Amino acid sequence: MIPKINAAITAVGGYVPEYRLTNSELEKLVDTNDEWIRTRTGIDERRILKGAGLGTSDMIVPAVQEILDKRKIKAEEIDCLIVGTVTPDTIFPSTANITCHKLGAVNAWGYDLAAACSGFLYALTTGAALIESGRYKKVVVAGADKMSSIVDYSDRTTCIIFGDGAGAVLLEPDTEGYGVLDSLLKSDGAGGHHLHMKAGGSIKPASIETVTNKEHFIYQEGQAVFKHAVKDMADVSYELLQRNQLTGDDIAWLVPHQANKRIIDATANRIGLPAEKVMLNIQRFGNTTAGTIPLCLWEWQDKLKKGDKLVLAAFGGGFTWGATLIKWAY
Ligand code: UT7
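Rules behind the numbers
Residues numbered from 1 in each chain as written. Predicted model: local features only at pLDDT ≥ 70, side-chain atom pairs only at ≥ 80, totals over all residues. Heavy atoms only, no water. Helix = DSSP H or I, 4+ residues; strand = E, 2+ residues; numbered from the N terminus. Rg over C-alpha atoms; globule rule 2.2 N^0.38 Å. Buried < 20%, exposed > 50% of the residue type's maximum accessible area, 1.4 Å probe, protein only. Contact = heavy atoms within 4.5 Å. Areas by Shrake-Rupley, 256 points an atom, 1.4 Å probe, with all protein chains shown as cover. Core = buried A, V, L, I, M, F, W, Y, C linked by side-chain atoms within 4.5 Å. Phe/Tyr/Trp six-rings, centres within 6.5 Å; stacked < 30°, edge-to-face > 60°. Lys NZ or Arg CZ within 6 Å of the ring centre and 35° of its normal. Domains from an automatic or database assignment. Buried area = accessible area lost by both parts, 1.4 Å probe. Salt bridge = Lys/Arg side-chain N within 4 Å of Asp/Glu carboxyl O. Nonpolar A, V, L, I, M, F, W, Y, C, P; charged D, E, K, R; others polar. Pairing = 2+ DSSP bridges. Axes fitted to C-alpha atoms, helices over the stretch in contact; angles between N-to-C directions. Parallel < 35°, antiparallel > 145°, perpendicular 65-115°, else oblique. Left-handed = near helix turned anticlockwise from the far one by under 90°.

For the protein chain, the count of helices and strands is 10 helices and 13 strands. Taken over C-alpha atoms, the radius of gyration comes to 19 Å for the protein chain, in line with the 20 Å a tight globule of 330 residues would show. Each of the three principal axes of the protein chain carries a C-alpha extent, and together these read 60 × 45 × 35 Å. In the protein chain, which comprises 330 residues, the share counted as buried stands at 55%. Sequence separation of at least 24 residues holds for 76% of the intrachain contacts in the protein chain that already meet a minimum separation of 6. Only carbon and sulfur atoms are counted for the fraction: they give 53% of the accessible area of the protein chain, which is about 14300 Å².

Right, let's talk about the nonpolar core for a bit. Soluble globular proteins tend to pack their nonpolar side chains together in the buried interior. Ranked by internal contacts, the top residues of the largest apolar core, which has 39 residues, are Ile-218, Ile-251, Leu-254, Val-311 and Phe-315. Listing elements by their share of this core, those giving two or more residues are α7 (222–243), α8 (261–270), β12 (309–316) and β13 (320–327). The biggest single contributor to this core is α7, with 6 residues. By size, the runner-up hydrophobic cluster in this structure holds 35 residues, among which are Tyr-122, Ala-128, Val-141 and Trp-328.

Tallying each qualifying case throughout the model produces 5 aromatic pairs. For the ring pair Trp-109 and Tyr-136, a centre distance of 5.9 Å and an interplane angle of 50 degrees mean the geometry is tilted. On the criterion of sequence distance, the pair formed by Trp-109 in strand β5 (residues 109–113) and Tyr-136 in the loop between α5 (119–132) and β6 (139–146) is long-range, its members being 27 residues apart. Under the relative-accessibility criterion, Trp-109 is labelled partly exposed at 36%. Counting every residue linked through ring pairs, the aromatic cluster contains Trp-109, Tyr-111 and Tyr-136. The ring of Tyr-19 carries the charged tip of Lys-50 above its face, separated from the ring centre by 4.4 Å. The positively charged end of Lys-306 is found above the aromatic ring belonging to Tyr-178, 4.9 Å away from the centroid.

With that settled, the discussion passes to the domain arrangement of the protein chain. Annotation of the protein chain at the domain level lists domain 1 (6–177) and domain 2 (181–327). Each of domain 1 and domain 2 has a C-alpha centre, and these two points are 14 Å apart. Taken together, the contact between domain 1 and domain 2 spans 50 residues of the former and 45 residues of the latter. Taken together, the two surfaces of domain 1 and domain 2 that pack against each other cover about 3600 Å², and 63% of this comes from carbon and sulfur. Residue Asp-152 is joined to Lys-214 by a salt bridge in which the shortest nitrogen-to-oxygen separation is 3.5 Å. At the level of elements, β1 (6–15), α2 (34–41), β3 (45–48), α3 (57–71), α5, β6 and β7 (164–174) are the ones that each hand at least two residues to the side of domain 1 that touches domain 2. Split into classes, the residues belonging to the side of domain 1 that touches domain 2 amount to 22 nonpolar, 18 polar and 10 charged.

What follows concerns the sheet that holds β1. The sheet built from 5 strands is open, its strands ordered β1-β7-β6-β4-β5 with mixed pairing. Where the open sheet ends on each side, the last strands, each with one partner, are β1 and β5. On average, each strand axis in the sheet is tilted by 20 degrees relative to the strand beside it, whichever way the strands run. Relative to β6, strand β4 (residues 80–84) runs parallel, the two being bridged by 5 bridges. Within the sheet, the bridge partner assigned to Cys-80 lies in β6 and is Val-139.

Interhelical geometry of α7 versus α8 gives an angle of 30 degrees and a closest axis separation of 8 Å. The angle between the axes of α7 and α8 places the two elements in the roughly parallel class. Crossing of α7 against α8: the hand is right-handed. For the pair α7 and α8, contact is made by Phe-226, Ala-229, Val-230, Met-233, Ala-234, Asp-235, Ser-237 and Tyr-238 and by Arg-262, Ile-263, Ala-266, Thr-267 and Arg-270, respectively. Here the residues of the contact of α7 with α8 sort into 8 nonpolar, 2 polar and 3 charged.

Set out below in structure tokens:
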């Protein structure tokens, strides 16, 4: 019998820019305060990519380079790069395309995938399917966003939340039961108007009017999004465990999207995980959209043990949400 091929994560890389945008600095930009931001979101500071001409690909390149160095492989060996992002370098060519060129990944194809804060989970699931098919041996999945490029720093309801960053994982075939075991992904377009960018697409291309009206920034109705996020991210994580006959006791780590500490706590409670089993770096990086989950894996990788079961969970614009079950491979 031919053994089942799983997609195992065999290396993780990450990158956050140097510049720290603190709550006290935001107090100088908008009518807010450190106490409000900390208690409502859990965020102390976020990283911002400064410098003219730098985009999302400039954060993915060092993240992928770290993977190549760790696995001692060359960029030419990458078969495919999938980039979860809503802040691509350009509408086209894709950020995956640009990143491969910068890395010298001359044998890779790839594409961008837009699922907002669920971008990494959507990309991971599709990347895993490429490995499971048997056709590809080395697929890199990145989650990366330069959120500062679409944040209105005069809007106190959004500018306090978002930051810039990139994380990436290498997927390789495994036939011993490690890797991505299951994924439950969902979407509901009815929620789109609660969290979106009003212009810049084919419905409303950029014009002087759209720029004047600030329609190229993130628009978010925070409470409406919160209401869905806090329930849906918890429910999908629970459903994933149920259909795999698992409970919180079987899970070593929850790796949640970092949008709001209150949403993360609700998910952990729902699946019965104590705080010490929850990866949390929102206080230092804020919400990096598609970057949050791989950045957690990057920061926690030394604590992970072979065989650990992880639940990755996200909720974001679209609405999009989901959860992925992983058995750590190294
Ligand atoms: O990442 C993908 C998906 N996104 C999310 O999951 C985000 C979900 N939403 C949230 O995390 C929260 O809704 C926010 C953090 C965005 C906002 O927190 P909230 O507890 O829902 O606050 P709110 O919007 O209900 O506002 C409460 C009050 C309002 O004042 P009044 O009307 O009660 O007088 C706001 O005007 O807080 C005010 N407020 C602020 N005050 C100080 C809003 N933003 C700020 C601010 N500083 N930055």
